[in-house]
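Take a look at the letters that make up each chain.
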Amino acid sequence: MCLLRDYFDKNTNEKVFIIKNFIEVRIPFKYFRRLERKYNVEYIVSMGEPRRVLSHITKRNLEIITRESGIPLLGNPAFGVIDRGTNLLQVRGVTGCNFCCAFCSVDEGRCSKSRVTDYVVEPTYLAEWVRKLAEFKGDGIEVHIDGQGEPTLYPYMEELLEEVRRIKEVKVISMQTNGSLLNEEKIEMLENYIDRINLSLSSMDRKTASFLAGVKYPLNRILDNARIIAESKIDLLIAPVWVPGYNDKDIEKIVKFALEIGAGKKWPPLGIQKYIPYKYGRKVRTKPMSFHQFYSKLRELEKEYEVKLILKPEDFGIEKRKKYPSPIKKGEKFRARVVIPGRMRNEGIAVIRGRTVTIRTKKRVGEYVSFVITRTHDGIYLGEEVK
Ligand code: SF4
């Protein structure tokens, strides 16, 4: 893959640089011509002003979070590390997705109506925070690379994995993916670091899969990737979302497929999820199953295929662990500067006591805002502006 591509966009009159197929830097052409006389391309790409930095995938503004930015990697659900009080750490280096799933709980992809900012985190900085939390929590940590988006879009995946593998407390590295951006070469690279891939695959029928994914679904490529993973050293778990009225018939086919290709060598081969509509997610026109209905259907499939489908955290070796201390309490009031834009419209992110807080406000980056903390659960901090 070419690390740096460039072209001239005649619609906007900008010189465009694409880095690692992910970061899109746009500079007005007349400024670029001036800069070009004095500086080399590397300098222009990283320092050239004025410029716009976008996610090449979603075309939204992209915030690059580096160690120098001083932005802590705890407190936000979209980037950094999430500690929910177990031996599993969720690690999020990137937002954005190349799919537009009809059921997406975080309204991701280019079709998103609510997300306006994407983030990408410097890999060594992210690994530093993983180390800090892993050392606090002790031995036997699982690092789960997931995100509000598709984790394999992360342009610095190998650098991150290399660092995380060196953390002695980390025993398992797993990753969530829609599988569309993988190929033999990438799976070979992942094989050096990753123990399990949770692959989302919700239909074995191209039309249904395309409807559910909101894009032309590369079914053959994803099935091939599933087979390659199952044959590699990486364990494969296939994770369909069961959307009643849409993929009822597919679930059984997916169970058969997972068993046929040898998914689940060490961990369960399937992690079937119930479709749940979320407040800020996309919703499918369907009546969601009750948990009772869902589990009784899983029990029937379990009997028929002699496979465990009702899963518990213990099936993955997940146990309770002390949470990293929280320095912020619900109801506390603060005044702080917005340091980066929030993920949704009318949100800004401030830094308080070494954590990020997402505040509902119209204030822009650089402006001060007074707010009260409204949520601290799972170390994710939200605030509401007060006048
Ligand atoms: S559900 Fe996953 S794959 Fe689908 S749009 Fe959302 S983040 Fe992307």
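Sequence positions are assigned chain by chain, starting from 1 and proceeding in written order. Selection of residues for local features in this predicted model requires a pLDDT of at least 70, selection of side-chain atom pairs for listing and counting requires 80 or more, and totals for whole chains, interfaces and linings are taken over all residues. The basis for every side-chain value is the complete set of heavy atoms in the structure, and neither hydrogens nor water enter the calculation.

Trainee: Explain the pairing of strand β18 (residues 355-360) to me, using residue names and the numbers behind them.
Mentor: Accessibility here uses a 1.4 Å probe with only protein chains present; expressed as a share of the type maximum, an area under 20% marks a residue as buried, one over 50% as exposed, and anything in between as partly exposed. Each helix corresponds to a stretch of at least 4 residues labelled H or I by DSSP, and each strand to a stretch of at least 2 residues labelled E; elements are numbered beginning at the N terminus. In terms of burial, β18 is a largely internal element, five of the six residues being buried. Each pair of strands is called paired provided DSSP finds at least two bridges between the two strands. In terms of strand pairing, strand β17 (residues 347-352) meets β18 through six bridges, oriented antiparallel. Among the inter-strand pairings, Val 351 is bridged to a residue of β18, identified as Thr 356. Hairpin connection from β17 to β18: two residues lie between these consecutive antiparallel strands, with Arg 353 at a positive phi of about 45°.

Trainee: Would you mind going over the site of the ligand in detail, with residue names and values included?
Mentor: Whether a residue is near a molecule or strand depends on its heavy atoms: it is near if one of them lies within 4 Å of it. Taken together, the residues surrounding the ligand are Cys 97, Phe 99, Cys 101, Cys 104, Glu 108, Gly 149, Asn 178 and Arg 282. Residues belonging to the shell around the ligand are distributed by class as follows: four nonpolar, two polar and two charged. Polarity classes work like this: nonpolar for Ala, Val, Leu, Ile, Met, Phe, Trp, Tyr, Cys and Pro, charged for Asp, Glu, Lys and Arg, and polar for all others, with Gly in that last group.

Trainee: Explain the pattern of salt bridges residue by residue, including any values.
Mentor: Each reported salt bridge corresponds to a side-chain nitrogen of Lys or Arg within 4 Å of a carboxyl oxygen of Asp or Glu. Counted by the stated rule, this structure contains 33 salt bridges. Salt-bridge contacts for Glu 108 lead to Arg 60; the nearest nitrogen and oxygen are separated by 2.8 Å. With Glu 108 in the loop between β7 (88-92) and β8 (117-121) and Arg 60 in the loop between β4 (52-55) and β5 (61-65), the pair connects residues that are 48 residues apart, well separated along the chain. You can call Glu 108 buried: its relative accessible area is 2%. For Arg 60, a relative accessible area of 7% corresponds to the buried category. Through salt bridges that share partners, Asp 9, Glu 14, Glu 24, Arg 26, Arg 52 and Lys 59 make up one connected network.

Trainee: Tell me about the sheet that holds strand β11 (residues 196-199), and name the residues and values.
Mentor: The strand order across the open sheet built from six strands is β6-β7-β9-β10-β11-β12, with neighbouring strands paired in mixed fashion. Among the strands making up the open sheet, the edge pair consists of β6 (80-83) and β12 (235-238). On average, adjacent strands in this sheet sit at an angle of 25° to one another, irrespective of strand direction. Bridging between β6 and β7 involves four bridges; their strand directions are antiparallel. Within the sheet, the bridge partner assigned to Val 81 lies in β7 and is Val 91. Whether two residues are in contact is decided by their heavy atoms: any pair within 4.5 Å suffices. Each axis is a line fitted through C-alpha atoms, and for a helix only the stretch in contact is used; angles between axes span 0 to 180 degrees, taken between their N-to-C directions. Its contacts with the sheet place helix α7 (residues 219-231) against β11 and β12, and it is angled at close to 140° to β12.

Trainee: Describe the environment of Ser 46, and please don't skip the residues or the numbers.
Mentor: One can find Ser 46 in helix α2 (residues 41-47). Residues Ser 46 and Asn 247, spaced 201 residues apart in sequence, show a C-alpha to C-alpha distance of 46 Å.

Trainee: So what's going on with the packing of aromatic side chains? Residues and values would help.
Mentor: A pair of Phe, Tyr and Trp rings is counted when the ring centres sit within 6.5 Å of each other, with Trp represented by its six-membered ring. The angle between the planes then sorts it: under 30 degrees is stacked, over 60 is edge-to-face, the rest tilted. Counted according to the given criterion, the structure contains 13 aromatic pairs. Consider the rings of Phe 99 and Tyr 217, whose centres lie 5.7 Å apart with planes at 55°: the pair is tilted. Taken as a pair, Phe 99 in the loop between β7 and β8 and Tyr 217 in the loop between α6 (206-213) and α7 lie far apart in primary sequence, 118 residues in all. Of the two residues examined, Phe 99 and Tyr 217, each falls in the buried class. An aromatic cluster is defined as three or more aromatic residues linked by ring pairs; in this entry it consists of Phe 8, Phe 17, Phe 29 and Phe 32.

Trainee: Which residues make up the state of the cysteines, and what are the values?
Mentor: Disulfide: a pair of cysteine sulfur atoms within 2.5 Å of each other. Tallied over the full model, the rule gives one disulfide. Between the sulfur atoms of Cys 100 and its disulfide partner Cys 111 the distance amounts to 2.2 Å. Judged by the sign of its S-S torsion, about -125°, the cystine formed by Cys 100 and Cys 111 is left-handed. Remark: Cys 111 occurs in the loop between β7 and β8 and Cys 100 occurs in the loop between β7 and β8; sequence separation between them is 11 residues. When its relative accessible area of 12% is taken as the criterion, Cys 100 is described as buried. The partly exposed category is assigned to Cys 111, whose relative accessible area is 34%.

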